[in-house]
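# Tertiary structure, described
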Amino acid sequence: MPPIRRYRATPVPSPADLHLLRRFSFGYTPALRAEAAAAGGARSWFEQQLAPSRISDPRGQAVDGWFPLLAHSPRTAFENQKSGRVHRNHYTWSIARRALLRQTYSSRQVHEVMTEFWLNHLHVYAQASPAWPFRPGYDEVVRHHALGRFTDLLAAAVTHPAMLRYLDADSSVAGEINENLGRELLELHTLGRESGYSEVDVRNAAKVLTGLGVDRITLQPVWNERDHERGLLSVLGISVPNLLGSGRDAIADLLARLAVHPATARRIATKLAVRFVADDPPAALVDRVAEAFLSSGTSIPATLRALVDDPLFRAAAQPKVRTPMEDVVATLRALEVTVGRPGDPGDGAAAANAVLWLTTSVGQRPWHWVTPDGFPDRSEAWASASRMLASFRVHHNLAGGYYPRERVTYRPAGSRLPRRRMRFDTLTDHLSRTLRGRPVDARTLAAACRYLEVSPGTVITRSHPVVRWRMPWLLALLLDSPEHMTR
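Residues numbered from 1 in each chain as written. Predicted model: local features only at pLDDT ≥ 70, side-chain atom pairs only at ≥ 80, totals over all residues. Heavy atoms only, no water.

## Observations concerning the environment of Ser107
If you trace the backbone, Ser107 turns up in the loop between helix H6 (88-105) and helix H7 (109-121). Not counting residues up to four positions away in its chain, the partners in contact with Ser107 are Glu35, Gln49, Ile55, Ser56 and Asp57. (Helix = DSSP H or I, 4+ residues; strand = E, 2+ residues; numbered from the N terminus. Contact = heavy atoms within 4.5 Å.)

Below, the structure is given as structure tokens:
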């Protein structure tokens, strides 16, 4: 194949900047590159993103008003479900839809990425029967702390009514201990199995957590001192003062000391490295990130800075397969699909509601993982042939504007031609730069030529079949590539 004639009028970020932007956003766009360039580079953009309240976010905040059911109190939501006025699904689906659209349109991309990360780490199944009315409030609590201190995030999440009801802690009382929350606190939220905690530690953690509850009538969180189990308790060497004073102080003390335990630091550092570096991250990188976590007093921004500034992060070339949720959001962003405000929550055809059917068709419904360990974050979990074929179908439908069709605006095919006439290889290079943030490679161009039955030098105009009928094929081919299917 002859040398590709490039379209350099469409700028692309440096490979290092593209790596950082892709790992800490929900997908590349030309607007994202422009934001990074205006900030002085991707690293400066990242620093700005660590203070999300300072970033104007009109599109992300507009989405918040699109799902009025999420403003209902837990009591109102429960009564609506009980009376049949509003089905529970409309509440739990609204949570997922709002998250997907925030991820698509928010200017606060690092905040969205970290909110999703922590919601998966401190997972509460959205459909869990006693917990679902509390899930909207739980999401906002985790969002509030997503770029704060892990110590505060852990305390707020573990004692939230959504978590208490999901893991049965609201029914765990002195003399009748339910170990579920105590076990997951140690196994999933903090120390990890490899720390060597025992069954006695699990039971003692569960005992310390007693007294937290939810009023069965008002559905408001309550504290019952008489239900709190007293005694000398120890959790993996952490001695908890639990004889005098309020039991709530004992709970706060245990959670604060678990948050700064070296085993917790290593577990959090490992999960961050698996998410943002590689499925099997270098031990030296994990050690340095864990040290930053502890030395900063569990500051999440400081921990993330240590991660992205590490030479092993910058050198990480191993691709991470996007989850179905990430793939759908990244595709909406790449194609610049404009989703409008939905009408009735039962209108499944409206694009703002149909985005949930898109992720579901590829194998993932956000926050609907049943068990408390959250969705897997290793590439092998999302790289099956059936998943890839489902992603290809979604790419084709969105590239052609075939589905969804209601309350949504797609870019006309002709608008993707930056000049009145141009060679096919130059057009494909421009589209690759726009959708994937990088010039087209020879292998992809060769595949596009065969697929669309043209040569690199074929002159393309708005009346050419490539623009009139086959543009969805070309866009989908670029999106079906590893460069788009990985972070």
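## A word on the layout of surface pockets
Here the largest pocket is characterised by a volume of approximately 580 Å³. Forming the walls of the largest pocket are 28 residues, and the residues nearest its centre are Lys271, Asp373, Phe375, Pro376 and Asp377. Of the residues belonging to the lining of the largest pocket, the class tally is eight nonpolar, seven polar and 13 charged. (1 Å grid on protein atoms, 1.4 Å probe; cavity = no way out; pocket = protein on both sides within 12 Å on 5 of 7 lines; lining within 4 Å. Points joined across faces, edges and corners; volume = space filled by probe spheres on them. Nonpolar A, V, L, I, M, F, W, Y, C, P; charged D, E, K, R; others polar.)

## Describing the pattern of salt bridges
Evaluated as defined, the whole model comprises 37 salt bridges. Residue Arg230 pairs with Glu225 through a salt bridge whose shortest N-O separation is 2.7 Å. Judged by relative accessible area, which is 31%, Glu225 ranks as partly exposed. Note that Arg378 is salt-bridged to Glu380, the shortest N-O span being 3.5 Å. Glu380 sits in the exposed class, given a relative accessible area of 63%. One connected set of salt bridges, linked through shared partners, spans Asp64, Arg98, Arg102, Glu112, Glu140 and Arg143. (Salt bridge = Lys/Arg side-chain N within 4 Å of Asp/Glu carboxyl O. Buried < 20%, exposed > 50% of the residue type's maximum accessible area, 1.4 Å probe, protein only.)

## Some points on empty space enclosed by the protein
Take a probe with the size of a water molecule and roll it over the atoms, and the empty space left behind shows itself. Tallying each qualifying case throughout the model produces four cavities of 30 Å³ or more. Approximately 80 Å³ is the volume attributed to the largest cavity. In this structure, the largest cavity is lined by 13 residues; those nearest its centre are Ala99, Thr115, Leu119, Arg143 and Trp367. Elements represented by at least two residues in the lining of the largest cavity include exactly H6, H7 and helix H8 (135-145). Of the residues belonging to the lining of the largest cavity, the class tally is four nonpolar, two polar and seven charged.

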